Structure formats: structure tokens, C-alpha cells
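So the chains spell out like this:
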Amino acid sequence: RVWVCVTSTMSASPLQKSREWKPLEQRKCTDIPWLLLFILFNVGMVLCICGFAIATGAASRLISGYDSYGNTCGQKNAKIPGIELSGRDHTSRKYVFFLDPCNIDILRRKIKSVALCVSKCPDTELKTYEDLRNFSTVYGSDLCSYDVQPDTYSSHANRSTKCPTLPVHPSASLPVFHRCIPVDISCYARFAEAFITFVSDNSVVHRVIAGVMTSKEIIMGLCLLALVLSLILMVVIRYISVVLVWILTAVVVVGCAVSVAGGTGILWWLYVDHSKSVNASLPALELEVAKDNQKALLIYAIAATIFTVILLLLMFFMRKRVALTIALFHVAGKVFTHLPLLALQPFWTFLTLMLFWVYWISVLLFLGSAGSPVQNNQTGLVEFKMDGPLQYMVWYHAVGLIWISEFILACQQMTVAGAVVTYYFTRDKSQMPFTPIVSSVLRLMRYHLGTVVKGAFIITLVEIPRLILTYIHSQLKGRENACARCMLKACICCLWCLEKCLTYLNMNAYTATAINSTNFCTSARDAFFILAENALRVAAINSVGDFVLFLGKVLIVSCTAFAGILSLNYQREYTVWVLPLIIVCVFSFLVAHCFLSIFEIVVDVLFLCFAIDTKYNDGSPGREYYMDKALMVNDLNLRAKKPQRLNICK
């Protein structure tokens, strides 16, 4: 008995020395060099890229607009060498007017037309050159090229290229960007053809748009309904998850057992049947083919038998892990009742991402109009292009988009993990901070920003080559051979799988950091070993739990769509229901995905806390469990089936 006690102590001591988990006891800054690198990277994005675009006048050219000769509208311009119509004073000409605004290059996403600076956009249809001259006389806005006088509009030899295409459609200026855009959407029929191929005229388009505009109140109400349903589901899912999980488990077990066992039986029956049909009197060629089929069926039958046995054993051993999934869903529902601000986390993340994306797109547009003026040899018009090292700013800017977006998402994961860890490892729930979410955010900003930066950078390293390969595959579609296409798809698929695995490991690494305040690599290693020791539990939670959450998303979308059909049915003047219902269904799915993804993060964090709790605590004095009663009952049921070495020592 003494030898057993000494053996258990000696076997446990190295494990305790390897990692001493002290939840919420120690805090220290982690991965500071990565935080400094991230700060330098963002300084480069703001000063070098955005600052360069503003300093070179790209921002003013984007907002005020510029003509085809390099003149910025609304200001005085310097002469560009070699460009005859450059260097003009456009102080009174504040709007950009396109001679042929309907000539749109869909591939390059630009208007292929000469652009001029005018003092007023034409608000009425101009059908003749005489109408152009009268418009210039009345409003002082010349719609033809600068070197063509209004009196010569009707008789000028090059009026077809230097004057706008007739008729000139009524146009209005954009609120900020001072471009004259035609009001009639039929001008952009080529864009509509790319999306609506079944329409021969624009009558259906007008009816669809009219249906959306007249039903906007119903659409907004249904979107609000989807939001409310998502919030309700996050609270009540702990009660309905028991029924859903066990129904799903029964269906999967019965279906797999019937299909796999039945398929295995059919293979053995075919093997026996082919064995009887093999006759030595058959011709040599047919006999050889029959023997090959017999061998192939034997191999298939043996492989199917082995697979069936393994699958049945997995179902047998994982049956109790399903109960853990139910317990985790139950506790996750309790977390949301104690931490209601968790439900608002998707709002802040979405708002932060939107603000960053608006800034990123604005700077990208600045870069599109930055650089030096260059005359196009084919058209003779002026284009702004960056040459030399400056052209690589766009790539730097693209990397910033991925890295900072992943950083924002990682901050959400770390914030949720910190709040859930505080809830789990606080024995007396009344002693928790007043706002655990705010406390988690403050801990993140004070101690663990470097860890989040490093995790986001690892995802960026995998995502960039995947996006590059995806772009190459889209550009070579139809021109590469089958082998190259298969290799590209295989590489993209492998990188996608690697990205998902790293994202899951990062989430658990953030949880380990929130528990023990260790750096990213140490946290990832500890989390990986914990997950590896509980591989069957992880498989059960990820498979069963993900499917239950998917059913929750389907439930929200179905309820919202059903309410939409009933609402639109009482408004018979809405002739086209398709687009309003599609908008509502897409929005409700996105809302459900955002909220239930937070629920999924909470479940993953709870599981890692539970695994650590059961590994380093046994319920004895001084090593009491932190877990909820629902998890404790599940753990005691599992431990009751195993002999405890501690009981032998006692």
C-alpha cells in the first residue's frame, strides 16, 4: 500500500511541475515583442500609406474628382508637361461629368469615357446639340470638351468624340464625391444583365425594387424579429438541447448501424455469390476477370467489416461523451444569464470591423488615384499610376486588411474567454466583478494584446497563400489542364483545413492565456495536450454541438421566413416577394450565425476549463472542483466506472 502511494506521488509530481495552473491568480504581460511589431506595422499603414495618399493629393482627387486631362475639379491646377488641356482653373467647376456614362467596363470596374469638370450636372434630358448649347448659355456649364466653344457644338467636326453621347440622360451629383451619375437605372443595363439574366426589359427590376421599398418596414421588423429570436434561443437552448442531442444521437446511431452494417453484409453476400459463379470451365479471359472481381470484393468486404467494427466501438465509447455535450450546453445557457453583456459582443465586433473596413476601402481608393500623371498612348488621356517601390503599397495594405481583421476577431475571442474563465473559476458567483466583460477587456488591453497579435498573424500566414491560390485558380479557369486544376484545388483545400485547425487551436490558446497568463506558444502547447487527452470528448462536442447549433440557425431562419410570408400575404400590393424574403432570410442567418458563434465559443471555453478542472482537482479538501453541478454529475458518472488510485492510497 505504501509502495502504491509513493508510486502515485512520484508519477504525479513531474506532471505538476510541468505546468502549475493557477486560475486568475497571476497576471503578467505576454508576447510584448509581437505587440511592438504590430504597432510599427500600423504606424506604417497610417503614416506611409494613408499619409502618402493624402500628401500627394490623392484624397482631394478622389473626393473632388478629376477630368481626363489631370485637372482636379473645384480648384486651380498646375500644368502637366505634354498635356495640352491641363493646368486649368476649375474653381467654379466642381462636378465630374462623363461624356458616355453608360459605357461601363465590367471587368475593370470603371467607366470608359472622357471626363470633364462642369459647374452643373444636367437635370433634364438633352436630346440635341442645340439643347447642349442652350444648357451652357443658361447655366454656364459646358458639357463638351474645353477646346470646343458652345456656339460650335452643332457644327464642330469632332463633336461625336468631344461632346456627350445623345441623348444626355438626367443626372444628379453624389453627396460627397461630386460625380454626375444618371438617374435612370436603365443606363446600367449591362450590370443588370450580370445578375438578372431572365429579364428582357427592366419592368421586373422596377417591380422588385418597388416591392423592396414599399415593404421596407416589414423587412426591418422581420430583421428585428430574427435578432430577438437569436437572443431567446441563446437562453433557452440549454433546455431544448437535451431533446435535440438525444434525437440526433439516435438518428445517427441507427442510420450508421443500418447503412454500414447493411453495406458490409451486401459486400459479403456478393463475395460469396461471385465465389460460386467462378467455374474453371469458363474461358481464360472471363475466368481471370471473375477471379479479379472476387479478390476485389473480398478486400472491400474485409475493409467494410473493419470500418463497421471501429464505428460501432466509437459509438459505444462516445455514448457518455454526448451527456457532457448536453451538460456544457446547459452551463453555457447559465453563463448568458449571469453575463448578459456577452450577447452584445457581436455588435461591438461588427461595428469595429465595419469602421476598419470603411477606413481600409477609403485608403485603397486614395491609392487608386495616387501617383504621377501618365498619358495613355492609346486614348491620349491622363491616368495616375504609382511606379517603383510605391506600387507595393497596395500589397502592404492588403496584408494589413487580413491581419487587423483577424486581430479584431481574436480580441473578441479573448474577451469572451476571459469573461467565461472568470465565471467558471469563481466559486462564489456573487463575488464576481460587476461587469466581467469590461474586466476581461481591460485585462486584454493591459496584459495580452501581444498574444492576440501573434495568434492573428499565424492565421494571416495561412490565409494569404490560400487567397493567392484561389485568385490564380479563378484567373486560370478554363485554361489550365485537369492535373493543375486538381493540384490547385487540393492545395486550397489543405490550406483551408489548416486555417480552421489553427483557428480552433488559437481559441483554446487564448483560453489558456486567460486562465494562467502565459504567452501564446506556451498556452497553445498546454491547450493542445489537454485537447489531445480528451480527443473523444472533443469529437463529440464538435460534431454533436455544431449540428445542434446548425439546427438552431435553421430554426431562426425558418421562423423568420414564415413570419415574412404571413406578413407579406396581408399586403397584396407587394407584387414581388422574392427579394424581400431573400433579404430577410440572409440577414436572419447572419444574425443567428453571429450570436450562436458566441455561444459556440462559450462552450469551447467551458470545455477546456472543465478538462483542466478534472485533471488537476479531484474534489478532496484543498483540491475542490470549480465546475457547475451539471458538469460535476457528469464527471462523477465517468469516474465511477474507473478505479481510482487515490482510493487505494486511502
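All values reported here derive from a predicted model rather than from experimental measurement.

Rules of the game
Residues numbered from 1 in each chain as written. Predicted model: local features only at pLDDT ≥ 70, side-chain atom pairs only at ≥ 80, totals over all residues. Heavy atoms only, no water. Helix = DSSP H or I, 4+ residues; strand = E, 2+ residues; numbered from the N terminus. Buried < 20%, exposed > 50% of the residue type's maximum accessible area, 1.4 Å probe, protein only. Contact = heavy atoms within 4.5 Å. Areas by Shrake-Rupley, 256 points an atom, 1.4 Å probe, with all protein chains shown as cover. Core = buried A, V, L, I, M, F, W, Y, C linked by side-chain atoms within 4.5 Å. Disulfide = S-S within 2.5 Å. Patch = residues over 30% accessible without salt bridge, like charges linked within 9 Å, V, L, I, M, F, W, Y side chains within 5 Å. Salt bridge = Lys/Arg side-chain N within 4 Å of Asp/Glu carboxyl O. Expected span 1.5 Å × (residues − 1). Bend = angle between axes of the 7 residues up to and from the residue. pLDDT = per-residue confidence, 0-100. Axes fitted to C-alpha atoms, helices over the stretch in contact; angles between N-to-C directions. Parallel < 35°, antiparallel > 145°, perpendicular 65-115°, else oblique. Nonpolar A, V, L, I, M, F, W, Y, C, P; charged D, E, K, R; others polar.

## Things to note about the overall build of the protein
Secondary structure assignment for the protein yields 18 helices and eight strands. Among the 650 residues that make up the protein, the fraction classed as buried is 41%. Considering only intrachain contacts with a sequence separation of at least 6, the fraction spanning at least 24 residues in the protein is 71%. Surface exposure of the protein reaches about 35300 Å², of which carbon and sulfur atoms provide 68%.

## Thoughts on the nonpolar core
Of all hydrophobic cores here, the largest spans 79 residues; its most connected members are Leu-342, Val-602, Leu-606 and Leu-631. In terms of residues, this core owes the most to one element, helix 16 (residues 578–616), which gives 18 residues. In this structure Leu-342 touches Val-335, Phe-336, Val-416, Val-420, Ile-437, Ile-598 and Val-602, once residues within four positions along its chain are discounted. One finds Ile-80, Tyr-129, Tyr-153 and Cys-163 within the second-largest nonpolar core, a separate group that totals 28 residues.

## Structural notes on the state of the cysteines
Taken as a whole, this structure holds three disulfides when the rule is applied. The side chain of Cys-121 participates in a disulfide bridge whose partner is Cys-180; the two sulfur atoms lie 1.9 Å from each other. Looking down the S-S bond of the Cys-121 and Cys-180 bridge, the torsion is -75 degrees, so its handedness is left-handed. Here Cys-121, found in the loop between strand 4 (115–118) and helix 4 (129–139), pairs with Cys-180, found in strand 6 (residues 180–182); they are 59 residues apart in sequence, far enough to count as distant. Summarising the burial analysis for this pair, Cys-121 and Cys-180 share the class buried. Looking at the unpaired Cys-494, the closest cysteine sulfur is the one in Cys-493, lying at 5.8 Å. Given a relative accessible area of 54%, Cys-494 falls into the exposed group.

## Topic: a nonpolar patch on the surface
Nonpolar side chains collect at one region of the surface, where Leu-341, Leu-344, Phe-347, Trp-348, Leu-351, Leu-355, Val-438 and Leu-442 lie side by side and expose about 750 Å² of accessible area between them. The set of elements that each furnish at least two residues to the nonpolar patch consists of helix 10 (345–368) and helix 12 (436–475). You can see Trp-348 is positioned in helix 10.

## Thoughts on the pattern of salt bridges
Under the counting rule described, the total for this entry stands at eight salt bridges. Notably, a salt bridge pairs Glu-130 with Arg-133, separated by 2.5 Å at the nearest N-O pair. Note that Glu-130 and Arg-133 are positioned in helix 4 at a spacing of three residues, about one turn of the helix. Here Glu-499 ties to Arg-466 by a salt bridge, and the two come within 2.8 Å at their closest N and O atoms. Highlighted residues: Glu-499 in helix 13 (residues 482–516) and Arg-466 in helix 12, separated in sequence by 33 residues. The same class applies to Glu-499 as to Arg-466, namely buried.

## Digging into helix 12
Under the 1.5 Å per step criterion, the end-to-end length of helix 12 is only 49 Å for 40 residues, more than 12% shorter than the ideal 58 Å. Remark: the principal bend of helix 12, roughly 85 degrees, maps to His-448.

## Here's the deal with the confidence of the model for the protein
The share of residues in the protein with pLDDT of 70 or more is 74%, and the mean pLDDT across the chain is 77. A low-confidence stretch, residues 1–18 (pLDDT under 50), is modelled with nine contacts involving residues beyond four sequence positions or located in other chains. Note on residues 643–650: pLDDT is under 50 here. Beyond four places in sequence and across chains, it has ten contacts.

## What to know about the packing of helix 12 against helix 13
The geometry of helix 12 relative to helix 13 is characterised by a closest axis approach of 9 Å and an angle of 170 degrees between their N-to-C directions. By the angle between their directions, the pair helix 12 and helix 13 is classed as roughly antiparallel. Looking at the contact of helix 12 with helix 13 residue by residue, the classes come out as 16 nonpolar, eight polar and five charged.

## Quick word on the environment of Leu-444
In this fold, Leu-444 is placed in helix 12. The class of Leu-444 is buried, set by a relative accessible area of 4%. Distance in space between the C-alpha atoms of Leu-444 and Met-414 is 7.2 Å, their sequence separation being 30 residues. Apart from residues no more than four positions distant in its own chain, Leu-444 is found in contact with Cys-411, Met-414, Thr-415, Leu-449 and Val-452.

## Digging into unusual backbone geometry
Here the bond from Leu-166 into Pro-167 is cis, since omega is -5 degrees, no more than 30 degrees from zero. With respect to the helices, strands and loops of the structure, Pro-167 is situated in the loop between helix 5 (159–162) and strand 5 (171–173). If you check the backbone angles, Asp-31 has positive phi at about 55 degrees while not being a glycine. Looking at the element boundaries, Asp-31 is found in the loop between helix 1 (2–18) and helix 2 (32–55). With a phi angle near 55 degrees, Ser-517 is a residue other than glycine that sits in the positive phi range. Take Ser-517: it is sitting in the loop between helix 13 and helix 14 (520–533). Ser-517 gets classed as buried once you look at its relative accessible area, which sits at 1%.

## Digging into the packing of helix 13 against helix 14
Axis separation between helix 13 and helix 14 bottoms out at 8 Å; the angle between their running directions is 110 degrees. When the axes of helix 13 and helix 14 are compared, the pair comes out roughly perpendicular. On helix 14, the residues touching Tyr-504, Leu-505, Asn-506, Asn-508, Ala-509, Tyr-510, Ala-512 and Thr-513 of helix 13 are Phe-520, Ser-523, Ala-524, Ala-527, Phe-528 and Leu-531. Across the contact of helix 13 with helix 14, the residue classes tally to ten nonpolar, four polar and no charged.

## So, the environment of Gln-413
Here Gln-413 shows up in helix 11 (residues 393–424). According to the relative accessible area criterion, Gln-413 is buried, its value standing at 16%. When near neighbours in sequence (up to four residues on either side) are disregarded, Gln-413 contacts Thr-503, Met-507, Tyr-510 and Ile-601.

## Brief notes about helix 2
One full turn of an α-helix is made of 3.6 residues, so residues set three or four places apart face in the same direction. Taking 1.5 Å per residue, 24 residues should reach 34 Å; helix 2 reaches 33 Å between its end C-alpha atoms and fits that length. Residues of helix 2 that are buried include every one of Phe-38, Phe-41, Gly-44, Met-45, Ile-49, Cys-50, Phe-52 and Ala-53, and no others.

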